[in-house]
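Close look at the chain arrangement
Here are the chains, one letter per residue:
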Amino acid sequence: MSAISAKLVKELREKTGAGMMDCKKALQESNCKMEEAIVKLRQKGLASADKKNSRATTEGLIESYIHTGNKLGVLLEINCETDFVARRSEFQNLAKDIAMQIASSSDVKFVSIKDIPEEFIKNEQAIELGKSDLDKKPPEIKEKIIAGRIGAIRLQVKS
């Protein structure tokens, strides 16, 4: 197998947008044949993923959903790359469906980390402390594990 030049890897990256190591591996597998390497990357789904990653989503729309009885509401911002997409009925239906899913989710208890009462956190700590996987752990390790688990609960509620 011949050595793969950086120039060849760069050329494949520019054509596909895939990562450097993925391009190098595809070139190795295809014996430096550009078209075969592109096919291998496409089969892996890597050919256009990085290109789309850097695109800005500056267009979109804001969707609101107010549940019957006016006791629950959702305000959703959903972005896309172009205004052409934002104006399509499919995109607008997607936004409405997502807003309705958020409204119907019973898991949402707090909107912001600041809204979590200290009593809720203490209750969660007591629950975590009572879990059987912590029985044989030293006290200082238990504290760290519980702090990590409570932190994970707080991260589920992004401010």
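Broken down by element type, the protein carries eight helices and two strands. The N-to-C order of helical and strand elements in the protein reads α-α-α-α-β-β-α-α-α-α. Buried positions account for 25% of the 159 residues belonging to the protein. For the protein, long-range pairs separated by at least 24 residues make up 42% of all intrachain contacts whose partners lie at least 6 apart in sequence. Roughly 11800 Å² of accessible area belongs to the protein as shown, and the carbon and sulfur atoms make up 52% of that amount.

Bringing the packing of helix H1 (residues 6-16) against helix H2 (residues 20-29) into the picture now. Taken N-terminus to C-terminus, the directions of H1 and H2 make an angle of 110 degrees; their axes are 9 Å apart at the nearest point. The angle between the axes of H1 and H2 places the two elements in the roughly perpendicular class. Helix-helix and strand crossings are classified by hand; for H1 and H2 the assignment is right-handed. In this structure, H1 uses Leu8, Val9, Leu12, Arg13 and Thr16 to contact H2, whose residues at the interface are Met20, Cys23, Lys24 and Leu27. Classifying every residue of the contact of H1 with H2 gives six nonpolar, one polar and two charged.

Before going further, it helps to spend a moment on the pairing of strand E1 (residues 59-66). In this sheet, strand E2 (residues 73-80) lies alongside E1 in antiparallel orientation, the contact comprising eight bridges. Its bridge partner lying in E2, Glu59 is registered against Cys80. Hairpin geometry of E1 and E2 is characterised by an intervening segment of six residues between the two adjacent antiparallel strands and by a positive phi of about 100 degrees at Gly69.

Of the residues making up H1, those classed as buried are Leu8, Val9, Leu12 and Thr16. For H1, the angular spread of the buried residues around the axis is 100 degrees, confining them to a single face. Exposed and facing more than 90 degrees away from the buried side of H1 are Ala6, Lys7, Lys10 and Glu14. Trailing H1 by a residue or two, Gly17 shows a phi angle of about 80 degrees, which is positive.

Let us look at unusual backbone geometry. Not every positive phi belongs to a glycine, and Asn31 is a case in point at roughly 55 degrees. Tracing the chain through its elements places Asn31 in the loop between H2 and helix H3 (34-44). Even without being a glycine, Asn70 presents a positive backbone phi close to 55 degrees. Along the chain, the position of Asn70 falls in the loop between E1 and E2. For Asn70, a relative accessible area of 65% corresponds to the exposed category.

So, on to the nonpolar core. Core analysis: the biggest nonpolar cluster contains twelve residues, these being Ile4, Leu8, Val9, Leu12, Ala18, Cys23, Ala26, Leu27, Met34, Ala37, Ile38 and Leu41. Leu27 has contacts with Ile4, Leu8, Val9, Leu12, Cys32 and Ala37, leaving out every residue within four places of it along the chain. Formed by seven residues, the second largest nonpolar core is a distinct cluster that contains Phe110, Ile116, Phe120 and Ile146.

The tally for this structure, following the rule as stated, stands at eight salt bridges. The partner of Asp83 in a salt bridge is Arg87, and the shortest N-O contact between them spans 3.0 Å. Residue Asp83 and its partner Arg87 are both found in helix H5 (residues 83-87); the two are separated by four residues, about one turn of the helix. In this structure Asp83 comes out as partly exposed when scored by relative accessible area, which is 32%. A salt bridge links Glu90 to Arg88; the nearest nitrogen and oxygen atoms lie 3.0 Å apart.

Cut-offs and rules
- Think of each chain on its own: its residues are numbered from 1, step by step along the sequence as written.
- Per-residue local features are limited, in this predicted model, to residues with pLDDT of at least 70; the limit for side-chain atom pairs, both in listing and counting, is 80 or more; totals at the level of whole chains, interfaces and linings are taken over all residues.
- Values reported for side chains reflect all heavy atoms of the structure, with hydrogen atoms and water molecules removed beforehand.
- Helix and strand definitions here come from DSSP, where helices need a minimum of 4 consecutive H or I residues and strands a minimum of 2 consecutive E residues; each element is numbered from the N-terminal end.
- Burial classification: accessible surface area is computed with a 1.4 Å probe over protein chains only, and a residue below 20% of its type maximum counts as buried, one above 50% as exposed, and the rest as partly exposed.
- Whether two residues are in contact is decided by their heavy atoms, any of which lying within 4.5 Å being enough.
- For the area figures, the Shrake-Rupley method with a 1.4 Å probe applies, and any residue is considered shielded solely by the protein chains shown.
- Between N-to-C directions, angles span 0 to 180 degrees; the directions come from axes that are lines fitted to C-alpha atoms, helices contributing only their stretch in contact.
- Orientation labels follow simple angle bins: below 35 degrees gives roughly parallel, above 145 gives roughly antiparallel, 65 to 115 gives roughly perpendicular, and whatever is left gives oblique.
- Note: crossing handedness is left-handed where the near helix turns anticlockwise from the far helix by less than a right angle, and right-handed where it turns clockwise.
- Residues are grouped as follows: Ala, Val, Leu, Ile, Met, Phe, Trp, Tyr, Cys and Pro are nonpolar; Asp, Glu, Lys and Arg are charged; every other residue, Gly included, is polar.
- When DSSP finds two or more bridges between two strands, those strands count as paired.
- Note that the arc is defined by the directions from the helix axis to the C-beta atoms.
- Here, the term nonpolar core denotes a set of buried Ala, Val, Leu, Ile, Met, Phe, Trp, Tyr and Cys residues that are joined through side-chain atoms within 4.5 Å.
- Criterion for a salt bridge: a side-chain nitrogen of Lys or Arg within 4 Å of a carboxyl oxygen of Asp or Glu.

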